[in-house]
Amino acid sequence: MTSPANLLNLKTTALRNAFRKAPKWGFMLVAGLALLLGWAEVYGTWKALNFLGQFGDIGTNVFARVLEIGLITLSSGVTFSATTTAIQTLYLSDDLNFLLTQPLATRRVFGLKVFETFLNTALVPTFLMIPLLFTVGVFFHAPLWAYAAMLLAALLTFAAPVGLGALLAVGLMRVAPVGRVREVSTALGVLFSAGLVYAIRALRPEVIVQKMQDPSRFEELLRNFASPSSPLLPPSWASQGIWQAAHGQLSGSLLPLTALTGALLVAATLLATRAYQEGWARALDSSQPKLDPSPRRASRLENTFARLGAGGSLAFKDLRVTLRDPTQWSQLLVVVALAGVYLVSVKAVPIPMAQFRGILGYVQLAFQGFIIAGVAVRLAFPAVSTEARAYWLLRTAPISPRQIVTSKFWGVLPTTALLGLVMGIASAHAMNLGATLMLLSVLVSLSNALVITALGVGLGAAAPKFDADNPAEIGVSPGGLAFMGLSLAYSVLCLLLLAKPAAASVLRPNLYPAYSALATPEGLAGLVGLLVATVLGTWLSLKTGWERLDRLE
C-alpha cells in the first residue's frame, strides 16, 4: 500500500510541473504584489499598536478584540467557501477516478482531498495573517517559540472551518435530492450572506464614528470595545492563544482548538470515504435515467444571439451554462452581500463636511473597482479555461480564437457593467455628491467594467488551465492573482487621471460649479486620458488573449 508521503509527492510533482509551465511574469507580479501587501500590513499594524498603546492596557486590548473579530469574519467566510469547494474537490475532481484506481487506501485519497480544500479556501487568509502575527510578536518582544505557537493558532483557525465545510458538503451529498446538491449549497450560501449582512449592520459602525468625534466619549468607547465578546467560538480561542503567546505565555485555549480541528478533519475524511463508496455502489444498482428525446426549438433570446454570428451563439451557450451551474455564480452572492454592506454603511456614516464627503466619494471608486475585479475573477478570468477539453471542439469548428475571446468578453460585460453602474450611481446618491463627481463615478465605473473584464478574459486566454481538476483552482492560480493586482492598479490609475478636476469641484465649488471643472485643461486632459486608457486597455488585453490562444497547440 502506498504511503501518504508518496501520495503527497505525487501531487507535489504535478504542482511543480504546473508551476514550471506557468508564465513567469505571473509569478513575478504576484511576488511583487505580495511584498507590497505584506509591507503595508506590517506598517499599518505597527502604527495601530503604537497609537492604541498610548491608552495603556485598554488600547492594546482593543487591538486584541479587533484581531478576534477579524478571525471570526475570515473563518466564517472560509466555512462558506469550503462548503462549495469541497463538493468540487471531494466528488467532482477529474483526478479522483485516477487516484482511486491506484494501490492507495481510500481514506488517504480523501484525506488528500480535504487538504486540497484547505489550500483552495484557506491558504490566502493564512498568508494574510503571517505579517500581522510577526508584527505583533516583535511589538511585544515575544520569545522565539511564540511565533510557532501563533502560526499554529492561525492554521488551526482556518483548518477548523475547512473541516466543518467538508462535513457540510458530505451531508449535502447524502441528504440533498439527486442532482440538487449545488442548488441546496447555493441556498445555504444565500442564507449565510444574508446573515453576514445583518450581523455587520447590527454592529452599527456609524455609532462608533459618532462617539469617536466626541473626545469625552472616546475612552469609554475603548473600554467597552476592549471587553471580551465570544469566548465560546473557536476563533476566540485562537485569538487568546495568539495574544498570550505574543506576551510570552502559552495559552491553554490551544488544546481544545487543536482537538476540535483534528476531530473535524478526521470526521470529514472518514465520512467522505464512506459516503463515496456507498454512493458508488448505489449508482451501479440504480436504473438508467429517462431522457427526453423530443427536439426543442431555440428560444427567442437564443435566436437573437444567433443573429450576431458564431460569437453570439457561443456567448449564449456560456450564459446558459453559467445559469445552470450554481457553483459558477453562487460565489457572487458573497460579493453582492459585501457590496450591499458597503453601500448601506457609506450612507449611514455621518460626514459633516461636504469636502470630506466629496473626497471620500471619489476615493471609494477604487474599492468599487476591486469588487468588479472580484466578480470578474469568477466569471471573466476562467471563461476560456472552463471550456476544458471541449475547447478543441471549438477549434475544429469555423470559429477563430478572436471570436472565442470576444464572445467571452461580451458575455461577461453586462454583469460587470451593471454592477459598476449600480454601485457608482447608488454611492454617489447616498453621499449626496455633486454633478461632477456623479458624472465621474459613471465614467470610472464603465471604464473599470470594460478594462477589468477584458483584462480577465485576455489573461485567462493567454494562460488557460484546461486541465484544472475543478473550477475553484483557476481563480487562485498565479494568473488569477496577477489579474486581481492589475485590476486594482487600473482602478487607482483611473482616479489619478481625474484627480485634479475632481479635487477642484470638491474644494472650490464656487469657482467650478456644475461641470465646469471638466472644461479646464486638466479636466479635458483627464477625460482624454481616461478614454485612451479604456480603449487601449480593452483592446490590448483582448488582442493579447486571442493571439496567445491562437499559438496554443
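The structure presented is a predicted model; accordingly, all values stated were derived computationally and were not measured. (Residues numbered from 1 in each chain as written. Predicted model: local features only at pLDDT ≥ 70, side-chain atom pairs only at ≥ 80, totals over all residues. Heavy atoms only, no water.)

Now for the confidence of the model for the chain. Averaged over all residues, the pLDDT of the chain is 75; the fraction at 70 or higher stands at 71%. Predicted confidence in the chain is weakest over helix α8 (residues 205–212), with a mean pLDDT of 49, and strongest over helix α24 (residues 521–550), with 89. (pLDDT = per-residue confidence, 0-100. Helix = DSSP H or I, 4+ residues; strand = E, 2+ residues; numbered from the N terminus.)

An ideal rise of 1.5 Å per residue puts 44 Å on 30 residues; helix α19 (residues 401–430) measures up with 43 Å between its terminal C-alpha atoms. At leucine 413, α19 is bent by approximately 35°, the largest bend along its length, and proline proline 414 sits one to four residues beyond. Of the residues trailing α19, asparagine 432 is marked for its positive phi of about 55°. (Expected span 1.5 Å × (residues − 1). Bend = angle between axes of the 7 residues up to and from the residue.)

Moving on to the packing of aromatic side chains. Counted under the stated rule, the structure contains eight aromatic pairs. Centroid distance phenylalanine 381 to phenylalanine 483: 6.1 Å. Interplanar angle 20°. Geometry classified as stacked. Remark: phenylalanine 483 occurs in helix α22 (residues 478–497) and phenylalanine 381 occurs in the loop between α17 (365–379) and α18 (391–396); sequence separation between them is 102 residues. Accessibility assignment for this pair places phenylalanine 381 and phenylalanine 483 in one class, buried. Aromatic ring contacts, followed pair by pair, group Trp46, Phe139, Phe140 and Trp243 into a single cluster. (Phe/Tyr/Trp six-rings, centres within 6.5 Å; stacked < 30°, edge-to-face > 60°. Buried < 20%, exposed > 50% of the residue type's maximum accessible area, 1.4 Å probe, protein only.)

It is worth spelling out a nonpolar patch on the surface at this point. Residues Phe115, Leu119, Leu123, Phe127, Ile130, Leu151 and Leu155 make up a contiguous nonpolar surface patch of about 560 Å² in total accessible area. Looking at which element gives the most residues to the nonpolar patch, the answer is helix α5 (residues 106–139), with five residues. Tracing the backbone through its elements, the reader meets isoleucine 130 in helix α5. A residue is classified by how much of its surface remains accessible, and isoleucine 130, at 35% relative accessible area, is partly exposed. (Patch = residues over 30% accessible without salt bridge, like charges linked within 9 Å, V, L, I, M, F, W, Y side chains within 5 Å. Areas by Shrake-Rupley, 256 points an atom, 1.4 Å probe, with all protein chains shown as cover. Salt bridge = Lys/Arg side-chain N within 4 Å of Asp/Glu carboxyl O.)

The subject of this paragraph is the pattern of salt bridges. In total, this model carries two salt bridges according to the counting rule given. The salt bridge involving glutamate 116 is made with lysine 113; its shortest N-O contact spans 3.3 Å. Of this pair, glutamate 116 and lysine 113 are both found in helix α5, three residues apart, which corresponds to roughly one turn of the helix. We note a salt bridge from glutamate 547 to lysine 543, for which the minimum N-O separation is 2.5 Å. Residue glutamate 547 and its partner lysine 543 are both found in helix α24; the two are separated by four residues, about one turn of the helix. Exposure remark for glutamate 547: the relative accessible area of 31% places this residue in the partly exposed category.

Quick look at the environment of valine 375 now. Among the structural elements, valine 375 can be located in helix α17. The exposure class assigned to valine 375 is buried, which follows from its relative accessible area of 4%. With 40 residues separating them in the primary sequence, valine 375 and threonine 415 have C-alpha atoms 8.6 Å apart.

With that settled, consider the nonpolar core. Among the nonpolar cores identified, the biggest contains 36 residues, and Ile404, Val405, Ile452, Phe483, Leu542 and Leu549 are the most heavily contacted of them. Contributing elements (two or more residues each) for this core: α17, α18, α19, α20 (435–462), α22 and α24. Filtering out sequence-adjacent residues up to four positions away, leucine 549 remains in contact with Val384, Tyr391, Arg395, Pro401, Ile404, Val405, Ala461, Pro464 and Phe466. Core analysis: the second largest hydrophobic core is formed by 34 residues, Leu132, Phe139, Ala153 and Val162 among them. (Core = buried A, V, L, I, M, F, W, Y, C linked by side-chain atoms within 4.5 Å. Contact = heavy atoms within 4.5 Å.)

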